[in-house]
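Spelled out from the first residue to the last, the chains are:
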Amino acid sequence: MDDGRKIVHIPKESWPSFTWYAIEFAIVLAVCMLVAREVVGTLTELSPEIQNYIWWGITGLIFLAWYIGIRGFILKKKILKNRY
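Residues numbered from 1 in each chain as written. Predicted model: local features only at pLDDT ≥ 70, side-chain atom pairs only at ≥ 80, totals over all residues. Heavy atoms only, no water.

**As for the overall build of the chain**
Reasoning step 1: The helix and strand tally for the chain stands at three helices and zero strands.
Reasoning step 2: Sequence-ordered secondary structure for the chain, helices as α and strands as β, is α-α-α.
Reasoning step 3: Here the chain holds 84 residues, and 14% of them are scored as buried.
Reasoning step 4: Considering only contacts within the chain whose residues lie at least 6 apart along the sequence, 50% involve residues at least 24 apart.
Reasoning step 5: Carbon together with sulfur atoms contributes 70% to the accessible area of the chain, which is approximately 7300 Å² in total. (Helix = DSSP H or I, 4+ residues; strand = E, 2+ residues; numbered from the N terminus. Buried < 20%, exposed > 50% of the residue type's maximum accessible area, 1.4 Å probe, protein only. Contact = heavy atoms within 4.5 Å. Areas by Shrake-Rupley, 256 points an atom, 1.4 Å probe, with all protein chains shown as cover.)

**Examining the UniProt feature "transmembrane region" (unreviewed entry) in the chain**
Reasoning step 1: Under the local residue numbering, the UniProt record ascribes the feature "transmembrane region" (unreviewed entry) to residues 21-41 and 53-74.
Reasoning step 2: Secondary structure over residues 21-41 splits into 100% helix and 0% strand, and the C-alpha atoms at its two ends are 30 Å apart.
Reasoning step 3: Summarising residues 53-74: 100% helix, 0% strand, and an end-to-end C-alpha distance of 29 Å. (UniProt positions renumbered as here; feature names shortened; annotations may be inferred.)

**Some remarks on helix 3 (residues 48-74)**
Reasoning step 1: Spanning 27 residues, helix 3 covers 36 Å between terminal C-alpha atoms, matching the ideal 39 Å at 1.5 Å per step.
Reasoning step 2: The sharpest bend along helix 3 measures roughly 35° and falls at W66.
Reasoning step 3: Buried residues of helix 3: Q51, W55, I58, T59, Y67 and R71, and no others.
Reasoning step 4: In the stretch just after helix 3, K76 is the one whose phi turns positive, near 55°. (Expected span 1.5 Å × (residues − 1). Bend = angle between axes of the 7 residues up to and from the residue.)

**Remarks on the packing of aromatic side chains**
Reasoning step 1: Considering all chains together, one arrives at three aromatic pairs under this definition.
Reasoning step 2: Between W55 and W56 the ring centres are 4.7 Å apart and the planes differ by 85°, which places this aromatic pair in the edge-to-face class.
Reasoning step 3: The exposed category is assigned to W56, whose relative accessible area is 51%.
Reasoning step 4: An aromatic cluster of at least three residues, connected via ring pairs, comprises F25, F63 and Y67. (Phe/Tyr/Trp six-rings, centres within 6.5 Å; stacked < 30°, edge-to-face > 60°.)

**Brief notes about the confidence of the model for the chain**
Reasoning step 1: Residues with a pLDDT of 70 or more make up 71% of the chain, whose mean pLDDT is 80.
Reasoning step 2: Ranking the elements of the chain by mean pLDDT puts helix 1 (residues 11-14) last, at 60, and helix 2 (residues 18-41) first, at 91. (pLDDT = per-residue confidence, 0-100.)

**Remarks on the pattern of salt bridges**
Reasoning step 1: As enumerated under the stated definition, the model contains two salt bridges in all.
Reasoning step 2: The partner of E24 in a salt bridge is R71, and the shortest N-O contact between them spans 2.7 Å. Remark: R71 occurs in helix 3 and E24 occurs in helix 2; sequence separation between them is 47 residues.
Reasoning step 3: Residue classification places E24 among the buried positions, given a relative accessible area of 16%. (Salt bridge = Lys/Arg side-chain N within 4 Å of Asp/Glu carboxyl O.)

Next comes the structure, spelled out in C-alpha coordinates:
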(Lines give C-alpha, C1' and ligand atoms only; values in the text may rest on other atoms or scores of the structure.)
Protein backbone atom coordinates (compact mmCIF):
# COMPACT_ATOMS: atom_id res chain seq x y z
CA MET A 1 0.00 0.00 0.00
CA ASP A 2 1.19 3.49 -0.86
CA ASP A 3 1.98 5.70 2.14
CA GLY A 4 1.41 8.99 0.23
CA ARG A 5 4.97 10.18 -0.13
CA LYS A 6 4.97 9.76 -3.89
CA ILE A 7 1.87 11.89 -4.54
CA VAL A 8 2.67 14.89 -2.35
CA HIS A 9 2.34 18.26 -4.11
CA ILE A 10 5.39 20.50 -3.66
CA PRO A 11 4.62 23.99 -5.06
CA LYS A 12 8.28 25.02 -5.39
CA GLU A 13 8.96 22.14 -7.72
CA SER A 14 5.78 22.36 -9.78
CA TRP A 15 5.32 26.13 -10.24
CA PRO A 16 7.58 27.44 -13.03
CA SER A 17 9.93 30.05 -11.62
CA PHE A 18 9.86 32.23 -14.74
CA THR A 19 6.23 33.15 -14.05
CA TRP A 20 7.31 35.16 -11.00
CA TYR A 21 9.53 37.21 -13.32
CA ALA A 22 6.59 37.74 -15.68
CA ILE A 23 4.33 38.84 -12.80
CA GLU A 24 7.03 41.20 -11.49
CA PHE A 25 7.57 42.63 -15.00
CA ALA A 26 3.84 43.33 -15.41
CA ILE A 27 3.59 45.04 -12.01
CA VAL A 28 6.71 47.19 -12.57
CA LEU A 29 5.56 48.19 -16.05
CA ALA A 30 2.08 49.12 -14.80
CA VAL A 31 3.51 51.25 -11.98
CA CYS A 32 5.91 52.97 -14.42
CA MET A 33 3.10 53.82 -16.80
CA LEU A 34 0.80 55.10 -14.06
CA VAL A 35 3.48 57.34 -12.56
CA ALA A 36 4.41 58.68 -16.00
CA ARG A 37 0.75 59.36 -16.81
CA GLU A 38 0.30 61.39 -13.63
CA VAL A 39 3.45 63.43 -14.23
CA VAL A 40 2.71 64.12 -17.89
CA GLY A 41 -0.87 65.04 -17.01
CA THR A 42 0.44 68.08 -15.15
CA LEU A 43 2.45 69.29 -18.17
CA THR A 44 -0.46 70.56 -20.27
CA GLU A 45 1.45 73.54 -21.70
CA LEU A 46 3.77 71.29 -23.72
CA SER A 47 3.00 69.88 -27.16
CA PRO A 48 1.77 66.27 -27.42
CA GLU A 49 5.02 65.18 -29.08
CA ILE A 50 7.10 66.47 -26.19
CA GLN A 51 4.66 64.93 -23.69
CA ASN A 52 5.12 61.60 -25.46
CA TYR A 53 8.91 61.81 -25.14
CA ILE A 54 8.62 62.73 -21.46
CA TRP A 55 6.15 59.86 -20.86
CA TRP A 56 8.49 57.28 -22.41
CA GLY A 57 11.48 58.79 -20.61
CA ILE A 58 9.84 58.57 -17.21
CA THR A 59 8.61 55.04 -17.92
CA GLY A 60 12.07 53.93 -19.00
CA LEU A 61 13.87 55.60 -16.10
CA ILE A 62 11.65 54.02 -13.46
CA PHE A 63 11.88 50.64 -15.20
CA LEU A 64 15.69 50.80 -15.37
CA ALA A 65 15.92 52.11 -11.81
CA TRP A 66 13.97 49.09 -10.58
CA TYR A 67 15.83 46.40 -12.52
CA ILE A 68 19.33 47.85 -12.33
CA GLY A 69 19.30 49.96 -9.19
CA ILE A 70 16.87 48.51 -6.71
CA ARG A 71 16.77 44.88 -7.77
CA GLY A 72 20.39 44.60 -8.84
CA PHE A 73 22.20 46.43 -6.04
CA ILE A 74 19.83 46.76 -3.10
CA LEU A 75 18.05 43.41 -3.28
CA LYS A 76 21.16 41.67 -4.71
CA LYS A 77 19.11 39.44 -7.03
CA LYS A 78 20.28 38.75 -10.54
CA ILE A 79 17.64 39.10 -13.21
CA LEU A 80 18.43 35.87 -15.00
CA LYS A 81 20.13 33.53 -12.59
CA ASN A 82 20.31 29.79 -13.01
CA ARG A 83 17.89 27.94 -10.73
CA TYR A 84 19.48 24.48 -11.02
